[in-house]
Amino acid sequence: MNNNNYYNKNIINDVKSINVGAGTKIWQFCVVFPDAKIGKNCNICANVLIENDVIIGDNVTIKSGVQIYDGITIEDNVFIGPNVSFTNDLKPRSKKYPREFAKTFLKTGCSIGANATILPGITIGEFAMIGAGSVITKNVPNNQLWYGNPASFKAYVCKCGNKISDDNNANLLCDNCIYLAGGGVNPSEINAT
């Protein structure tokens, strides 16, 4: 995985890990610890910190001002908005460390809005969506939209991120999802005339 595609002599960053996938871009003022693992085609924006016990999948976008602490696993195609705050210790004290940090999992395709706070030991399900500024205190199941403080369930969402009525669609697919899967009419062409 050692690939220097992320390196640009005009960008100041501190990438100590050799486990960075092909096509990944790591922008200015980022710090990546030596044992971090970052997949292919990721976009790590400015001012991001990534600690050692972190795994980041392929095609992940991490916007500016995010700190990814020990114990966090991010699967493929995840979006993390600017200034999202992750925590990894329920009882933090200065210079006192747990034997093991809580494990947090962001599952494939989920999206976390700007300034959300994710408490330690949380799992955010596949294609779930977290609203900006939310505080996540519980696990979020697949294909659910949560927001608020504390955040709670608001709606179901499809892979595209559109709200879906669970009464009308057991497969959680919007018209665009159906079109992309090879069925139906392109929704953008319905009112084109």
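Please refer to the structure higher up on the page.
Report on the accompanying structure. (Residues numbered from 1 in each chain as written. Predicted model: local features only at pLDDT ≥ 70, side-chain atom pairs only at ≥ 80, totals over all residues. Heavy atoms only, no water.)

1. Thoughts on the overall build of the chain
Working step 1: For the chain, the count of helices and strands is 1 helix and 21 strands.
Working step 2: Across the 193 residues that make up the chain, the buried fraction comes to 39%.
Working step 3: Of all intrachain contacts in the chain linking residues separated by at least 6 positions in sequence, the fraction that spans at least 24 positions is 15%.
Working step 4: Accessible surface computed for the chain: about 10600 Å², of which carbon and sulfur atoms make up 49%. (Helix = DSSP H or I, 4+ residues; strand = E, 2+ residues; numbered from the N terminus. Buried < 20%, exposed > 50% of the residue type's maximum accessible area, 1.4 Å probe, protein only. Contact = heavy atoms within 4.5 Å. Areas by Shrake-Rupley, 256 points an atom, 1.4 Å probe, with all protein chains shown as cover.)

2. A closer look at the side chain of Asp89
Working step 1: When you line up the elements, Asp89 lands in the loop between strand E12 (85-86) and strand E13 (104-106).
Working step 2: This buried residue, Asp89, is left without a salt bridge; Lys91 holds the nearest opposite charge, at 7.8 Å.
Working step 3: Separated by 3.0 Å, the side chain of Asp89 and the backbone nitrogen of Lys91 make a polar contact.
Working step 4: What Asp89 contacts, discounting residues up to four positions off in sequence, is Lys96, Pro98, Phe101 and Pro120. (Lys, Arg positive; Asp, Glu negative; His and termini not counted. Salt bridge = Lys/Arg side-chain N within 4 Å of Asp/Glu carboxyl O. Polar contact = N/O pair within 3.5 Å; in protein donor to acceptor, adjacent residues only side chain to side chain.)

3. A look at the packing of aromatic side chains
Working step 1: One pass over the structure, following the stated rule, counts 1 aromatic pair.
Working step 2: Ring geometry for Phe153 and Tyr156: centres 5.0 Å apart, planes at 65°, overall edge-to-face.
Working step 3: Taking the relative accessible area as the measure of exposure, Tyr156 reaches 25% and is therefore partly exposed. (Phe/Tyr/Trp six-rings, centres within 6.5 Å; stacked < 30°, edge-to-face > 60°.)

4. Structural notes on the sheet that holds strand E5 (residues 43-44)
Working step 1: With respect to topology, 9 strands assemble into an open sheet ordered E2-E5-E8-E11-E14-E17-E19-E20-E21, the strand pairing being mixed. Edge positions in the open sheet fall to strand E2 (25-26) and strand E21 (163-164), since each of these has one partner strand only.
Working step 2: The pairing of E2 with E5 spans 2 bridges and is classified as parallel. When the bridges of E5 are listed, Lys25 appears paired with Asn43. (Pairing = 2+ DSSP bridges.)

5. Focus: the side chain of Gln144
Working step 1: With respect to the helices and strands, the residue Gln144 is situated in strand E19 (residues 144-148).
Working step 2: You can call Gln144 buried: its relative accessible area is 11%.
Working step 3: A distance of 2.8 Å separates polar atoms of two side chains, one belonging to Gln144 and the other to Trp146.
Working step 4: Ignoring sequence-local partners within four residues, the contact set of Gln144 consists of Ala128, Met129, Phe153, Ala155, Tyr156 and Val157.

6. With respect to the sheet that holds strand E10 (residues 72-74)
Working step 1: The 5 strands are arranged E4-E7-E10-E13-E16 in an open sheet whose pairing can be described as parallel. Edge positions in the sheet fall to strand E4 (37-38) and strand E16 (123-124), since each of these pairs with one other strand and no more.
Working step 2: Here E4 runs beside strand E7 (residues 54-56); their pairing, made up of 2 bridges, is parallel. Among the inter-strand pairings, Lys37 is bridged to a residue of E7, identified as Ile55.

7. So, the nonpolar core
Working step 1: If you look at the biggest cluster of nonpolar residues, it comprises 36 residues, and the most contacted ones within it are Ile50, Ile68, Ile80 and Ile112.
Working step 2: For this core, the secondary structure elements donating two or more residues are E7 and E10.
Working step 3: Setting aside its immediate chain neighbours within four residues, Ile68 contacts Leu49, Ile50, Glu51, Val54, Ile62, Ile74, Ile80 and Phe86.
Working step 4: Core analysis: the second largest hydrophobic core is formed by 5 residues, Cys158, Ile164, Leu172 and Cys174 among them. (Core = buried A, V, L, I, M, F, W, Y, C linked by side-chain atoms within 4.5 Å.)

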